[in-house]
Amino acid sequence: MNITKIIKQAFNSRLKEIDLYASQAGEIQHRVMTRLVTQAANTEWGKKYDYKSIRNYEDFKSRIPVQTYEEIKPYVERLRAGEQNLLWPSEIRWFAKSSGTTNDKSKFLPVSKEALQDIHYRGGKDAAALYFRINPDSRFFSGKGLILGGSHSPNLNSNHSLVAIYLPSSYKM
């Protein structure tokens with residue numbers, strides 16, 4: 001059995017989970033929101049907005065105001081300086097650096113280990129699983145390939161964090 005067939009079989013259980021999104025989206029979103037709010041309840045942010053009493057989306061929506069990055073930036077700066085348990089309970093050492101936005105300044109986005117697993121890595125696996133569903137005869141892992149990723153470097157402003165710099169696809173070296 002070739003590697004592509006083995007990997008495609010491994011994706012089958014995840015595809016069943018992905019299929020549930022079509023029929024159970026509301027329930028899945030509620031479970032995810034409840035899990036995230038529960039996990040963050042004892043952070044400084046969670047205490048500020050009384051996450052422990054949030055039971056549903058309406059509670060969340062009425063309690064937490066829509067905010068800009070500039071309003072959250074003081075928390076991010078404290079995280080970059082090494083302070084913890086502000087926005088999320090696990091250690092934050094990684095930050096994704098934007099390449100400039102509406103105010104033309106880069107923004108540092110906190111990245112937890114859970115975010116790497118639950119969002120970044122799972123998103124890549126899900127994309128591959130869906131690709132194989134659409135292209136069942138693909139030999140994706142059977143030949144040569146090229147993967148481009150962002151670079152990372154120590155943050156020169158802090159000994160407590162690392163920054164991953166993502167360059168836009170039009171960037172030329």
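Residues numbered from 1 in each chain as written. Predicted model: local features only at pLDDT ≥ 70, side-chain atom pairs only at ≥ 80, totals over all residues. Heavy atoms only, no water.

This part covers unusual backbone geometry. Phi is positive for Asp50, close to 50°, though the residue is something other than glycine. Structurally, Asp50 is set in the loop between helix H2 (44-48) and helix H3 (57-63). Among the residues examined, Asp50 registers a relative accessible area of 38% and is labelled partly exposed. Of note, Asn85 is a non-glycine position whose phi angle comes to about 60°, a positive value. As for its position among the elements, Asn85 is in the loop between helix H4 (69-80) and strand S1 (92-97). (Helix = DSSP H or I, 4+ residues; strand = E, 2+ residues; numbered from the N terminus. Buried < 20%, exposed > 50% of the residue type's maximum accessible area, 1.4 Å probe, protein only.)

What follows is about the layout of surface pockets. Taking a probe equal in size to a water molecule and rolling it over the atoms shows the remaining empty space. Reported here for the largest pocket is a volume of approximately 740 Å³. Taken together, 25 residues make up the lining of the largest pocket; nearest its centre are Leu36, Ala40, Tyr51, Leu87 and Trp88. For the lining of the largest pocket, the secondary-structure elements that each account for two or more residues are helix H1 (3-40), H4, strand S2 (108-112) and helix H5 (113-134). Considering each element in turn, the lining of the largest pocket owes the most residues, six residues, to H1. Tallied by class, the residues present in the lining of the largest pocket amount to 19 nonpolar, three polar and three charged. (1 Å grid on protein atoms, 1.4 Å probe; cavity = no way out; pocket = protein on both sides within 12 Å on 5 of 7 lines; lining within 4 Å. Points joined across faces, edges and corners; volume = space filled by probe spheres on them. Nonpolar A, V, L, I, M, F, W, Y, C, P; charged D, E, K, R; others polar.)

Turning our attention to the confidence of the model for the protein chain. As a general rule, the predicted coordinates of low-pLDDT regions are not to be interpreted in detail. Summing up the model confidence of the protein chain, the mean pLDDT is 84 and the portion of residues at 70 or higher is 80%. Confidence, read as mean pLDDT per element, is least for strand S3 (residues 151-154) in the protein chain (55) and greatest for H2 (98). Counting contacts from residues 167-173, a segment whose pLDDT is below 50, to residues more than four positions away or on other chains yields one contact. (pLDDT = per-residue confidence, 0-100. Contact = heavy atoms within 4.5 Å.)

Moving on: the pattern of salt bridges. Think of it this way: side chains of opposite charge can pair up when their charged atoms draw near. All chains considered together, the criterion is met by seven salt bridges. Across the pair Arg14 and Glu17 runs a salt bridge, and its minimum N-O distance is 2.6 Å. On the criterion of helical spacing, the pair formed by Arg14 and Glu17 is a turn pair, its members being three residues apart in helix H1. With relative accessibility at 12%, the residue Arg14 sits in the buried group. Accessibility expressed as a relative area gives 41% for Glu17, which makes it partly exposed. (Salt bridge = Lys/Arg side-chain N within 4 Å of Asp/Glu carboxyl O.)

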